[in-house]
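What the coordinates show
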Amino acid sequence: MLGTINRSFILPVKGEKQMPKADSEYLWNELQPGCVITEPGTSRVYYTGDWRAFYPVLQKERCIQCGICWIFCPDMAYQKDEKGYFIADLNYCKGCGICARECPADAIHMEKEKEI
Amino acid sequence: MRNINAYVVKTLSSREYIAPGHRACAGCGEVLAMRQVQKALGRNVIVASATGCMEIVSSPFPFSSWEVPWIHVAFENAAAVAGGIEAALKVLQRKGKIEGKKIFVAAMAGDGGTADIGLQALSGALERGHNFLFICYDNEAYMNTGVQRSSSTPFGASTMTSPVGSAQIGQLTWKKNMMAIAAAHGIPYLATASPSYPMDLSEKVAKAAKTEGPAYVHVLSVCPSGWGIPSDATVKFGRLAVETGFFPLYEIEEGKYRITVDVEELLPLEMYLKPQGRFRHLKPELIEQISRRVRAEWRELNRKAEEQKEIEERE
Amino acid sequence: MGKYLGMEVSFAAAEAVKLCNVDVVAAYPITPQTHIVERLSQFVADGELDAEFVPVESEHSALSLCVGSQAAGARSFTCTSSQGLALMSEIVYIVPALRLPIVMILANRSLSGPLSIWNDHSDVMSVRDCGWIQLFVENGQEVFDHVIIAYKIAENHNVLLPVMINMDGFILSHMFEPIKLMEQEDVDAYLPPYQPKFVLHPDKPVTMGAYAMPALFTEAKKAQEEALLASYPHILQAWKSWEKVSGRSYHPVETFCSEDAETLFITMGSLGETAGEAVRVLRGQGKKVGLLKLRLWRPFPFHDFYKAIGNAQRLIVLDRAVSYGGPGGPVAGEIRSALYNMENRPQVINFVAGLGGREVSVESFLEMFISSIEGKASGYQLFGVRG
């Protein structure tokens, strides 16, 4: 009834930002004075998606494109695609399930991640 | 009430100022609140953060989730640091050392960094009249250190340092009224807000930022792990807090009270308390006792707002 | 080039802050620091100094506010004493870790208890390892000069560290002295406007104060210590260029009659003048006595210190703070460590004196000298204690 699981909407990660080195790779003289982080938003290269036990599945035929999933996502995972659907970026989605619970059209449900 | 925000939320900015990849727990209501607050503040802001959950999850070197300039110094001094930033912008613009465009200054802290250890610095900054916005992300306990009680923990809540035992029912004191304390400083704008009501929150934060002088916004930040609720229930419990009168959404503008999300008939408080792990032990008579006080406070708030309406009508 | 004017030393300090065209002053009143901030407050009220004077609600907020203002690109100043330093000490440690070039005058006063508003060095010694550049001054002129020099050192992009100027409470802060002030243009030529390396501004968002996991913390601390050590040549350079402007020269370790001395007094701060008098008296008696005054306390000037002690056989080290249950006063402990690897190291006799405003006179130094020579004084003793 809910359709097949479609994971093809995992968005590719934008390639413009390089992964900063892990903290354990820094030499002392490579640090900026005061350990200032000079680039904004460097955490976007850190994927929190692997924390997830469940992932959201969107049924586009039910979706009313209201953006509730997007505005209530604590992980900024939802992004609007060119057709106006809000799609979860599974690189970041931690699987909290807020989107599924809050969706006014019941268009999202959570599915269990497969054991790897 | 569930669909109240449907369709309109799309009018909110699509720009994000908190980057994904932060380390907040799944379903964190505090990071959700912070995301919505920063959305409302936009690009031209400098943020001073207290030590706490939001500081930790957004700044493990070298991963910063901040798309706007941000500084963390210590636990109790976010308001003082923000005061310094504000003073610097003021004098540097006056002296022509930097260009004169409007830059908002925001301080942020949890309930501990606001109502407990940060209260003195906050009071000082409010009293001195710095042109800044202080945001309290209230998750009602010291969650970052593992759920210990704060003065903002509600009566009856079980935490690691206000535990339930044979001789104790959990937190024995009533939640500190930070809005009243902040309001007593005579500052021009104060509001409560909840990320479960993004439009209301955005309007208030934008208004607070534009206020000349100090503004205070107290945001209820649901903490699934600390409160003992499922991670998908964050937004729901934020809503229930409002609908039961436990956390009313209102603002105080130049001393005038206004309830921004009206609740015609309060839902039974039990609906909010009972499903939460931290209140699970509460017996019906205790819930009734809490409910009486919540309703009395709700009536008092309504009375203040009504009084305001009457005055305005008379004028 | 300026002229001599009689004024209270605190006022001279405020004059120097004004000449530095400081942008933000945040302070909380504590005796004996008050006259400095009162004066600055008046300068701002009279429009003589275009700065934000922020009368904060505590010393903790005074330094916190300076952290915010300095991080946002404003030249910032605060000053405190004793309990005030103790209250702000949490932030004292954070400032150099953030590499913010704040300048602070510490009007040295005892730490409670019992409560005492009078002078000793227990306040500064409580933050000995905080990572600031720490200087001691001996008179009003040195206070005045070092406020300006401190900004020159601190804001150097090869340094970027806060500087703490230690000035003895009351003995200096409330003393009237002739001070040679500087012309604004000379100060401006010496001290260029503050150019922050990183600044909080929306045009280029940076993250300051990120937290470090164990994998990084050691490297962060190493970087901080290296920065403090690397400040040394820039401190010397700042003094050298100040000499060109003012004609007054300063050194990490100031010496007096030390060349052929067998016994050396070692002092810090205003006691240097009294000790100098005692040395004159003893030299008059044909005693080979000299004096070392430690001006630079952090980074500790090991090289200058070794050079200055020469072939002395005996060091009489004056401490103004107690290290309860420890090996003596903090300064003597430091000096003993510094000497440990020397082959013919001199004997170190440590007097803790002048606590809580107790007078240390020329006679006191003579007495210390005699008891040291006669072997009555050994490792460590409280000087002048009754009973």
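Residues numbered from 1 in each chain as written. Chains lettered and ligands numbered in written order. Predicted model: local features only at pLDDT ≥ 70, side-chain atom pairs only at ≥ 80, totals over all residues. Heavy atoms only, no water.

What to know about the environment of C:Ile171
Residue and element names in this part refer to chain C. Counted only if it meets this: Helix and strand labels come from DSSP, where a helix needs a run of H or I of at least four residues and a strand needs a run of E of at least two; each type is numbered from the N terminus. For this analysis, residues touch if any pair of their heavy atoms sits within 4.5 Å.
With respect to the helices and strands, the residue Ile171 is situated in the loop between β7 (163-168) and β8 (176-180). On a C-alpha basis, the gap between Ile171 and Gly357 in space is 8.8 Å, while along the polypeptide they are 186 residues apart. Setting aside anything within four residues of it in sequence, one finds Ile171 in contact with Asn119 and Ser270.

Topic: the interface of chain C and chain B
Our working rule: As used here, buried area is the combined drop in accessible area, with a 1.4 Å probe, of two parts when they are placed together. The term salt bridge refers to a side-chain nitrogen of Lys or Arg lying within 4 Å of a carboxyl oxygen of Asp or Glu. Polar contact criterion, stated in full: a pair of N or O atoms within 3.5 Å, where within protein one must be able to donate a hydrogen and the other to accept it, and residues adjacent in sequence count only if both atoms are side-chain atoms. Strands pair, by our definition, only if DSSP identifies at least two bridges between them.
With 39 residues of chain C at the interface, the matching set in chain B holds 42 residues. Summed over both sides, the interface of chain C with chain B buries roughly 3,200 Å², with 61% coming from carbon and sulfur. Of all residues in chain C, the largest losses of buried area upon contact with chain B belong to C:Glu52, C:Pro202 and C:Tyr211, amounting jointly to 20% of the total for that side. Linking chain C with chain B are eight salt bridges. Between C:Glu57 and B:Arg128 there is a salt bridge, with its nearest N and O atoms 2.8 Å apart. Between chain C and chain B we count 19 residue pairs in polar contact (both at pLDDT 80 or more) in total. Looking at the side of chain C that touches chain B, the elements that each hand over two or more residues are β3 (52-55), α3 (59-71), α4 (82-98) and β9 (207-208) of chain C. A total of eight residues in the side of chain C that touches chain B trace back to one element, the largest contributor, which is α3(C). Here strand β2 (residues 70-72) of chain B runs beside β9(C); their pairing, made up of two bridges, is parallel. Pairing of B:Trp70 across the sheet is with C:Thr207, part of β9(C).

Describing the sheet that holds strand β10 (residues 256-259) of chain B
Here nine strands make up an open sheet; going across it, the order is β10(B)-β9(B)-β7(B)-β8(B)-β4(B)-β3(B)-β1(B)-β2(B)-β9(C) and the pairing mixed. Edge strands, defined here as strands with exactly one partner in the open sheet, are β10 of chain B together with β9 of chain C.

Some remarks on the packing of aromatic side chains
All names here are of chain C. Where we set the bar: For Phe, Tyr and Trp, rings pair up if their centres lie within 6.5 Å, where Trp contributes its six-membered ring, and each pair is then called stacked (planes under 30 degrees apart), edge-to-face (over 60) or tilted (otherwise). Relative accessible area decides the class of each residue, using a 1.4 Å probe on protein chains only: under 20% of the type maximum gives buried, over 50% gives exposed, and in between gives partly exposed. Two limits define a charge over a ring: the Lys NZ or Arg CZ must be within 6 Å of the ring centre, and within 35 degrees of the ring normal.
The final tally for this structure, using the stated rule, is 19 aromatic pairs over all chains. Plain terms: the ring middles of Trp297 and Phe300 are 6.0 Å apart, the flat faces sit at 75° to each other, and that makes the pair edge-to-face. Like Phe300, Trp297 is buried. Aromatic rings pair up to connect Trp297, Phe300, Phe302, Phe305 and Tyr306 into one cluster. In this structure, Lys152 is placed above the aromatic ring of Tyr190, and the distance from its NZ or CZ to the ring centre is 4.9 Å. Above the ring of Trp297, the side-chain terminus of Arg298 is found at 5.0 Å from the ring centroid.

Side note on the sheet that holds strand β4 (residues 76-80) of chain C
Residue and element names in this part refer to chain C. Threshold: Comment: axis = line fitted to C-alpha atoms, over the contacting stretch for helices; angle = value between 0 and 180 degrees taken between N-to-C directions.
Ordered in space as β3-β2-β4-β5-β7-β6-β13, the seven strands form an open sheet in which the pairing is mixed. At either end of the open sheet lies a strand with only one pairing partner, and these are β3 and β13 (296-298). Put simply, the sheet's adjacent strands are angled 20° from each other on average, direction ignored. Bridge count between strand β2 (residues 24-27) and β3: four bridges; the pairing is parallel. Counterpart to Val25 in the pairing with β3 is Phe53. Strands β2, β3 and β4 of the sheet are contacted by α3, whose axis makes an angle of about 165° with β4.

Side note on the packing of helix α1 (residues 29-41) of chain B against helix α7 (residues 198-210) of chain B
Axis angle and axis distance: for two packed helices, these are the angle between their axes and the distance between the axes, and together they describe the pair. Residues and elements named next belong to chain B. Let me state the cut-off plainly: Put simply, angles under 35 degrees are roughly parallel, angles over 145 are roughly antiparallel, angles from 65 to 115 are roughly perpendicular, and the rest are oblique. Crossing handedness follows the turn of the near helix against the far one: under a right angle anticlockwise gives a left-handed crossing, and clockwise gives a right-handed one. Gly counts as polar in this scheme, as do all residues outside two lists: the nonpolar Ala, Val, Leu, Ile, Met, Phe, Trp, Tyr, Cys and Pro, and the charged Asp, Glu, Lys and Arg.
Where α1 meets α7, the axes come as close as 8 Å, and the angle between the chain directions of the two elements is 50°. By the criterion of interaxial angle, the relationship of α1 to α7 is oblique. The chirality of how α1 crosses α7 is right-handed. Listed contacts from α7 to Gln36, Val37, Ala40 and Leu41 of α1 are Pro198, Leu201, Ser202, Val205, Ala206 and Ala209. Residue composition of the contact of α1 with α7, grouped by class: eight nonpolar, two polar and no charged.

So, the pattern of salt bridges
In total, this model carries 44 salt bridges over all chains according to the counting rule given. A salt bridge links A:Lys94 to A:Asp75; the nearest nitrogen and oxygen atoms lie 2.9 Å apart. Of this pair, A:Lys94 sits in the loop between β3 (86-88) and α2 (98-102) while A:Asp75 sits in the loop between α1 (68-71) and β2 (78-80); the two residues are 19 residues apart in sequence, bridging distant segments of the chain. Residues B:Asp232 and A:Arg101 are paired through a salt bridge, measuring 3.2 Å at the closest nitrogen-oxygen approach. Residue B:Asp232 is found in the loop between α8 (224-227) and α9 (234-243), and its partner A:Arg101 is found in helix α2; the two belong to separate chains. Three or more residues joined by partner-sharing salt bridges are found here, namely B:Lys90, B:Arg94, C:Asp50 and C:Glu52.

Quick notes on the interface of chain B and chain A
Between chain B and chain A, the contact holds 45 residues from the first and 42 residues from the second. In total, about 3,700 Å² of surface goes out of reach between chain B and chain A, with carbon and sulfur atoms giving 61% of it. On the surface where chain B and chain A come into contact, there are three salt bridges. Across the salt bridge formed by B:Arg239 and A:Glu102, the nearest N and O atoms sit 2.9 Å from each other.

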